[in-house]
Amino acid sequence: MDERIIVRLKRYQDDSYPLIIGERVFPRIAEELTRNPLGDSYAIIADSNVARLYGENFKRMMRDKNLRAFLLSFPAGEKSKTVKVWQSLIEKMLKSGLGRDSCVIALGGGVTGDLAGFVSASYLRGIPFIQVPTSLLAMLDASIGGKVGIDLPSGKNLIGAFFQPKAVYIDLTFLETLPKIHLLNGMAEAVKSGLIADRALFAMIEKKGNECLKLNLEILRKVIKRALLVKAGVVEQDEMETLGLRKILNYGHTIGHSLEALSGYQLLHGFAVSLGMRASARISVEMGFLKEIDAQRQNKVLDSLGFPGKIPGRLCKIIKTSSGKTRFFDYLTQDKKVRSGQLEMVLLSEIGRVKRFDNSWTVPVSKQMIEMGLKEILE
Ligand SMILES: NC(=O)c1ccc[n+]([C@@H]2O[C@H](COP(=O)([O-])OP(=O)(O)OC[C@H]3O[C@@H](n4cnc5c(N)ncnc54)[C@H](O)[C@@H]3O)[C@@H](O)[C@H]2O)c1
Ligand SMILES: [Zn+2]
């Protein structure tokens, strides 16, 4: 006779967390942690660039408040989102005697947030972490939502977790040292947020996007805040992407990811997404969902920010070869859901609104349609 025991784990857990945005947020973090500690010691994880610019200073501010803090750095760049770097950070933390009562502080761009977030999700089965994003892309996108992870040689973000930070501290003045190309890179995600869910944000970028690139912090603050509200709104409703709504954040990303992969990750994420959005808008028009004038409006904003309208020459050449095109389509279908044999994509019905199709936030798109979209961005 079988016996049955139930492990009862029904629970309600409040994982809400604040996003603090301002111009002098960074120096106040240590003070905040003395008032509301998240552990008895802190591992500040930063890449080599950010560690050099802000790491030592941060460690000093923490120690000045009698907080036990260690600075751990790793070589800057996507190439560090690996098992090897993850393991070396974990080992350094063990060596420093950081226990289950410690906390991780991710100080840096999206690479640091994803990597340090995954370190914290996995260290001694999980310790809390806070995000201190320093790139625009991390401030308005990567630092919230709880997706953390690392890459494998076979693809990006293949190892990871949903692990929400305890707080996100966004200090706009970090942007003063961010290379201009990365400022532009982050703007692609802001445009995306406007396109999928916030017409007013899109209009703001249409009118004042160039002010962001000139580092007008007041405009940047507004853009970041609205983009965060879009992302937070989606994540609150569909944290684990079980309902499909979270997929709308992937507008421009399906094609964008394939371009990134095909370029060997030489093409920056925002640039790849901007090309993906141009192709997706074309497909939205061709399928009769979006007005041509709205697609033009999207592309004009991307043009005026300075995003190239076409895939860069060398990558273009690769895609035009038959083996390059096959690889492009292989990347597209690799880990994506396919419905009735067709690829699923997020498309627009108007500026600020995603096309709802068959009770879903994605639309099945034929290979011919994708070719049509691709034509838009090929030389
Ligand atoms: N988890 C998510 O939801 C999510 C969302 C979007 C992107 N991402 C991930 O984010 C990563 C890309 O993020 P990214 O573009 O921020 O890249 P990144 O972290 O590599 O930062 C870009 C460059 O800017 C430098 N940098 C960052 N802040 C700086 C500052 N204030 N001053 C000077 N230099 C600075 C970095 O050292 C790096 O060289 C990708 O790995 C992507 O997968 C994650
Ligand atoms: Zn993105």
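What counts, and at which threshold
- Residues numbered from 1 in each chain as written.
- Chains lettered and ligands numbered in written order.
- Predicted model: local features only at pLDDT ≥ 70, side-chain atom pairs only at ≥ 80, totals over all residues.
- Heavy atoms only, no water.
- Helix = DSSP H or I, 4+ residues; strand = E, 2+ residues; numbered from the N terminus.
- Contact = heavy atoms within 4.5 Å.
- Donors = N, O, S within 2.8 Å, 3.2 Å for Na, K, Ca; no water.
- Buried < 20%, exposed > 50% of the residue type's maximum accessible area, 1.4 Å probe, protein only.
- Near = heavy atom within 4 Å.
- Polar contact = N/O pair within 3.5 Å; in protein donor to acceptor, adjacent residues only side chain to side chain.
- Areas by Shrake-Rupley, 256 points an atom, 1.4 Å probe, with all protein chains shown as cover.
- Domains from an automatic or database assignment.
- Axes fitted to C-alpha atoms, helices over the stretch in contact; angles between N-to-C directions.
- Parallel < 35°, antiparallel > 145°, perpendicular 65-115°, else oblique.
- Nonpolar A, V, L, I, M, F, W, Y, C, P; charged D, E, K, R; others polar.
- Buried area = accessible area lost by both parts, 1.4 Å probe.
- Salt bridge = Lys/Arg side-chain N within 4 Å of Asp/Glu carboxyl O.
- Expected span 1.5 Å × (residues − 1).
- Pairing = 2+ DSSP bridges.

**Student:** Hey, could you go over the environment of Ala 106 for me, with residue numbers and the actual values?
**Tutor:** Mapped onto the elements of the fold, Ala 106 is located in strand E4 (residues 102-108). For the pair Ala 106 and Ile 20, spaced 86 residues apart in sequence, the C-alpha to C-alpha distance is 15 Å. Once you skip the residues sitting within four places of it in the chain, Ala 106 turns out to touch Ile 45, Thr 112, Gly 113, Ala 116, Phe 129, Ile 130, Gln 131 and Val 132.

**Student:** Describe the side chain of Ser 193, listing the residues and the values that go with them.
**Tutor:** The topology assignment puts Ser 193 in helix H6 (residues 180-197). Aside from chain neighbours lying at most four places away, what touches Ser 193 is Asp 198, Leu 201, Ala 227 and Val 230.

**Student:** So what about the coordination of the zinc ion (ligand 2)? Which residues, and what values?
**Tutor:** The coordination sphere of the zinc ion (ligand 2) contains the protein donors Glu 189 (OE), His 253 (NE2) and His 269 (NE2), at a distance range of 1.8 to 2.1 Å. Each donor residue of the zinc ion (ligand 2) lies on the same chain, and together they follow the pattern E-x63-H-x15-H. Taken together, the residues Glu 189 in helix H6 and His 269 in helix H10 (residues 269-286) connect sequence positions 80 residues apart. When sorted by exposure, Glu 189 lands in the same class as His 269, which is buried.

**Student:** An account of the site of ligand 1 is needed here, citing residue identities and associated values.
**Tutor:** Taken together, the neighbourhood of ligand 1 is formed by 27 residues, with Asp 47, Glu 78, Thr 134, Ser 135 and Thr 177 sitting nearest. The side chain of Asn 49 places a nitrogen or oxygen atom 2.9 Å from an oxygen atom of ligand 1. Separating an oxygen atom of ligand 1 from a side-chain N or O atom of Ser 135 is a distance of 2.6 Å. Alone, ligand 1 offers 860 Å² of accessible surface; in the complex the protein occludes 90% of this. When residues of the shell around ligand 1 are traced back to their parent elements, those giving at least two are helix H2 (48-64), helix H4 (110-122), helix H5 (136-142), strand E7 (155-162) and H6. Among the elements that take part in the shell around ligand 1, H2 stands out by supplying four residues, more than any other. No fewer than three residues from each of domain 1 (19-177) and domain 2 (180-234 + 245-377) sit in the shell around ligand 1.

**Student:** So, the packing of H10 against helix H11 (residues 292-305): which residues are in play, and what are the values?
**Tutor:** Running from N to C, H10 and H11 cross one another at 170°; their axes reach a closest spacing of 9 Å. Taken together, H10 and H11 sit at an angle that is classed as roughly antiparallel. Facing Ser 274, Met 277, Arg 278, Ala 281, Arg 282 and Val 285 of H10, the residues of H11 in contact are Glu 292, Ala 295, Gln 298, Asn 299, Leu 302 and Asp 303. When the residues that make up the contact of H10 with H11 are grouped by side-chain class, the tally is five nonpolar, three polar and four charged.

**Student:** Residues and numbers for the domain arrangement of the protein chain, please.
**Tutor:** Domain annotation for the protein chain reports domain 1 (19-177) and domain 2 (180-234 + 245-377). The C-alpha-based centres of domain 1 and domain 2 are spaced at 28 Å. With both chains or domains summed, domain 1 and domain 2 bury close to 2,100 Å², and 69% of this area falls on carbon and sulfur atoms. When the area that domain 1 buries against domain 2 is broken down by residue, the three leading residues are Leu 136, Leu 137 and Leu 140, summing to 29%. There are three salt bridges connecting domain 1 and domain 2.

**Student:** An account of helix H7 (residues 199-213) is needed here, citing residue identities and associated values.
**Tutor:** Here H7 is 15 residues long and its end C-alpha atoms lie 20 Å apart, about the 21 Å a rise of 1.5 Å per residue gives. Structurally, H7 contributes buried residues whose contacts are with H6, helix H8 (217-237) and H11. Residue Asp 198 occupies the N-cap position of H7, its side-chain oxygen lying 3.1 Å from the main-chain nitrogen of Ala 200. One or two steps after H7, the chain reaches Leu 215, where phi turns positive at roughly 70°.

**Student:** Describe in detail the sheet that holds E4, supporting the description with residues and values.
**Tutor:** Spatially, six strands are ordered E1-E8-E5-E4-E2-E3 in an open sheet, and the strand pairing comes out parallel. With one partner strand each, in any of the chains shown, strand E1 (19-22) and strand E3 (68-74) form the two edges of the open sheet. Across this sheet, the average inter-strand angle for adjacent strands is 15°, counted without regard to direction. Its contacts with the sheet put H4 on strand E2 (41-47), E3, E4 and strand E5 (129-133), and the angle it makes with E4 is roughly 170°. Across the sheet, H8 touches E1 and strand E8 (167-171), and the angle it forms with E1 is around 165°.

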